[in-house]
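Fold and contact review
The primary structure of each chain is shown beneath.
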Amino acid sequence: MTLLGSLSTWQLIGLVVDYTIKFIMIGIVPGNRKPSSANAWLLLILLVPVVGLPLYLLMGSTYVSRRRHGIQARARAELDHLDIADAPAALPPNKAAIVELNRALTGYPAVRSAAPALWTDYDLTMRRIASLIDASTSHISIEIYAVAWDTTTAPVFEAIERAVARGVHVRLLFDHIGSQKYPGFRRLKKRLTAIGVDWHMMLPLDPLHGRWRRPDLRNHRKLVVVDSRVALMGSFNLIDRGYLMPGHVRAGRQWVDAFVELEGPIVASLEHMFAVDWYTESGERLELGGVDKHAAPDSVLQLVPSGPGYAGEPNLRMFNAMIHHAREHLILCSPYFVPEDSLLEAITSACYRGVRVDLLVGEKADQFMVQHAQSAYYQQLLAAGVHIWEFPAPYVLHTKFALADPGTERAVGAIGSSNMDIRSFTLNYENSLFIASGPLLPALAQLAENYITVSRELTLEAWDRRPWPPPPAQKA
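Residues numbered from 1 in each chain as written. Predicted model: local features only at pLDDT ≥ 70, side-chain atom pairs only at ≥ 80, totals over all residues. Heavy atoms only, no water.

Points about the overall build of the chain
In plain terms, the rule: Comment: elements are numbered from the N terminus, with helices defined as DSSP H or I runs of at least four residues and strands as E runs of at least two. We call a residue buried when its accessible area falls under 20% of the maximum for its residue type, exposed when it is over 50%, and partly exposed in between, using a 1.4 Å probe and counting protein chains only. What makes two residues a contact is simply this: any of their non-hydrogen atoms within 4.5 Å.
Assigned secondary structure in the chain consists of 18 helices and 20 strands. Counting the 476 residues in the chain, one finds 53% classified as buried. In the chain, 80% of the contacts between residues at least 6 apart in sequence involve partners at least 24 apart.

A look at helix 17 (residues 440–454)
Quick note on the threshold: Take the residue count of a helix, subtract one, and multiply by 1.5 Å to get its expected span. Each C-beta atom gives one direction from the helix axis, and the arc is the one those directions make.
Taking 1.5 Å of rise per residue, the 15 residues of helix 17 would be expected to cover 21 Å, and the 22 Å separating its terminal C-alpha atoms lies within 8% of that figure. Of the residues making up helix 17, those classed as buried are L440, L441, L444, L447, A448, Y451 and I452. Projected onto a plane normal to the axis of helix 17, the buried residues spread over an arc of 135 degrees and lie on a single side. Turned more than 90 degrees away from the buried face of helix 17, the exposed residues are P442 and T453.

As for the packing of helix 7 (residues 154–165) against helix 9 (residues 185–195)
For the record, the criterion: Only the contacting stretch of a helix is used when fitting its axis, a line to C-alpha atoms as for every element, and angles between N-to-C directions run 0 to 180 degrees. Here is the rule for angles: anything less than 35 degrees is roughly parallel, anything more than 145 is roughly antiparallel, 65 through 115 is roughly perpendicular, and the remaining ranges are oblique.
One way to put it is that helix 7 packs onto helix 9 with a least axis distance of 9 Å and a crossing angle of 30 degrees. One way to sum up the angle between helix 7 and helix 9 is to call them roughly parallel. Between helix 7 and helix 9, the residues in contact are F157, I160, E161 and V164 and L188, L192 and I195, respectively.

Some words on the packing of helix 12 (residues 314–325) against helix 13 (residues 341–352)
Convention followed: Ten residue types, Ala, Val, Leu, Ile, Met, Phe, Trp, Tyr, Cys and Pro, are classed as nonpolar, four, Asp, Glu, Lys and Arg, as charged, and the remainder, Gly among them, as polar.
Direction vectors running N to C along helix 12 and helix 13 enclose 10 degrees, while the axes themselves pass 9 Å from each other. When the axis of helix 12 is compared with that of helix 13, the two are roughly parallel. Where helix 12 approaches helix 13, its residues L316, F319, N320, I323 and H324 are matched on the opposing element by S342, L343, A346, I347 and A350. Residues belonging to the contact of helix 12 with helix 13 are distributed by class as follows: seven nonpolar, three polar and no charged.

Let's talk about the packing of aromatic side chains
For any pair of aromatic rings, the description rests on two quantities: the centre-to-centre distance and the angle between the ring planes. For clarity, the cut-off: Aromatic contacts are taken between Phe, Tyr and Trp rings whose centres are within 6.5 Å, Trp giving its six-membered ring; a plane angle under 30 degrees counts as stacked, one over 60 as edge-to-face, and the others as tilted. Two thresholds decide whether a charge sits over a ring: the Lys NZ or Arg CZ must be within 6 Å of the ring centre and within 35 degrees of the ring normal.
Counting across every chain of the model gives 13 aromatic pairs. Relative to F157, the ring of W149 has its centre 4.7 Å away and its plane inclined at 15 degrees; by these criteria the two rings are stacked. Residues W149 and F157 agree in their burial class; the two are buried. Geometrically, the ring pair formed by F401 and Y451 is tilted, given 6.5 Å between the ring centres and 35 degrees between the ring planes. Here F401 is found in strand 16 (residues 401–404), whereas its partner Y451 is found in helix 17, with 50 residues between them in sequence. No difference in accessibility class separates F401 from Y451, as the two residues are buried. Here the aromatic cluster, defined as three or more aromatic residues joined through ring pairs, consists of F391, Y395, F401 and Y451. Lying over the aromatic face of W149, R191 brings its terminal NZ or CZ to 3.7 Å of the ring centre.

Some remarks on the environment of R241
The line we're drawing: Here a polar contact is recorded for every N or O atom pair within 3.5 Å, except that within protein the pair must consist of a potential hydrogen donor and a potential acceptor, and residues adjacent in sequence are included only if both atoms are side-chain atoms.
For R241, the location among the structural elements is in the loop between strand 7 (230–234) and helix 10 (246–251). Expressed as a C-alpha distance, the spacing of R241 and Y395, which sit 154 residues apart in the sequence, is 9.9 Å. Sequence-distant contacts of R241, that is, excluding residues within four places in its chain, are made with Y122, T152, R253, Q254, W255, V256 and Y395. Within the structure, the side chain of R241 is placed 2.9 Å from the backbone oxygen of W255, a separation counted as a polar contact.

A short note on the pairing of strand 2 (residues 139–144)
Here is the rule: Strands are treated as partners if at least two bridges between them are detected by DSSP. Call a crossover right-handed when, viewed with both strands pointing away from you, the route from the first strand across the helix to the second goes clockwise.
Taking burial as the measure, the six residues of strand 2 include six buried ones, the bulk of the element. Side chains H139, S141 and E143 of strand 2 all project onto a buried face; the interleaved residues I140, I142 and I144 project onto the opposite face, where all are buried too. Bridging between strand 2 and strand 3 (residues 169–175) involves six bridges; their strand directions are parallel. Counted as the bridge partner of E143 is L173 from strand 3. You can see the chain leave strand 2, run along helix 7 and come back into strand 3, and the turn it takes is right-handed.

A short note on helix 13
An ideal rise of 1.5 Å per residue puts 16 Å on 12 residues; helix 13 measures up with 16 Å between its terminal C-alpha atoms. Listed in full, the buried residues belonging to helix 13 are L343, L344, A346, I347, T348, A350 and C351. At the C-terminal side of helix 13, G354 shows a positive phi close to 100 degrees.

What about the environment of V230?
Among the secondary structure elements, V230 is positioned in strand 7. Owing to a relative accessible area of 1%, V230 belongs among the buried residues under this scheme. Note: C-alpha distance between V230 and G264 (34 residues apart in sequence) is 7.4 Å. Contacts of V230, omitting those with residues within four sequence positions, involve L132, V224, V225, E261, L262, E263 and V267.

Digging into unusual backbone geometry
That bond from A393 to P394 is cis: its omega, 10 degrees, falls within 30 degrees of zero. With respect to the secondary-structure elements, P394 resides in the loop between strand 14 (387–391) and strand 15 (395–397). You will see that D227, though not glycine, has its phi angle at about 55 degrees, which is positive. Here D227 lies in the loop between strand 6 (223–226) and strand 7. Judged by relative accessible area, which is 17%, D227 ranks as buried. Even without being glycine, L244 reaches a positive phi, approximately 65 degrees. Owing to a relative accessible area of 25%, L244 belongs among the partly exposed residues under this scheme.

Structure representation (structure tokens):
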């Protein structure tokens, strides 16, 4: 008796359906996807289809939604009509090439603007945000991943309440998943409504009200814009430095961040990005405030947004371009460093051609899985010659920046919300600032030196001597 003859009709139908689905997915999954990602999805679908197929349908699509992509495409077309003077003509060819790459991928130009301050102290940064809000006269736009009304952030929310009372329109976007896990989330929404804040959740998961998004996609951007005149962006969330969760409090964790203060035409770029996100969540089309041309420009800066709405992974390509640009020294700072293949190859190749590479990471990440994923790359990095600096626990180094050839005429940098990991490259909406010239470059170099001074270098010898299996983690 043949194999087919021994099968019942239903078994035969099931077999045909099973193989039909697998053949179809072999054609669908690799489309618009990197080979490594496609192979992982295909392996899961082919070997465990009962698990792999539902997961792919839930989280595997390379597109957010047709509506979101349509909004992004229209917003990109509008950039050509903004009154922002492009600046790459004044740059050396090697820097102009990175600017052109960023412009081709995002549409945002490099502009002459001012960067009056780099804020790194947590309490002082919150007070600076509050003071800018207190000086506002027209409108305030805030887009933050995690928000909580606590003792540390109370000055900001009290300033917001005063601003609304005097007629300032305050718009606040915060990520649903990024904020809801923190204590007081329900009360936060009620308090925001009570004081008159115009707020919306980004990428909300609210199926009972017909609002469902892929749960793995998040809006991780962090920015504050006041009166179309001044902006802050970087890695700060609007939450207490210890992030309020009981485990963090018991472990004594304290987040370490940075915000860049900006004036001039770069603020118009940030406001345009916010307007796109606001329209996507609220349906309200904002009238942009125009370009503030009163700031004395001391820098050439370029906004580099990224996320699922951008097909070309702008932040990954920008980081790779900067790494290939480096000739003498490269500094990378990322709390979650899980590099994509091309980034890993670019970093190790830089070492092999004689570039000194300093990688700043936390001694202990706040997430168990991230810590182990990150450390899986240490052997390759150390063997190539990367200097890995571990910022001491319980502090959580959360600042994200990159510097190529600091202290030289070739110096370029980037700072923002984007980690150097696969999630930030493909799944999160992020905003980075590319720095082609200006005082931010030496300021970031000094910040890196400050971090390295208090950090411990991880050597290849120490890594090879680590105990195996590793000792059990201390319970927080």
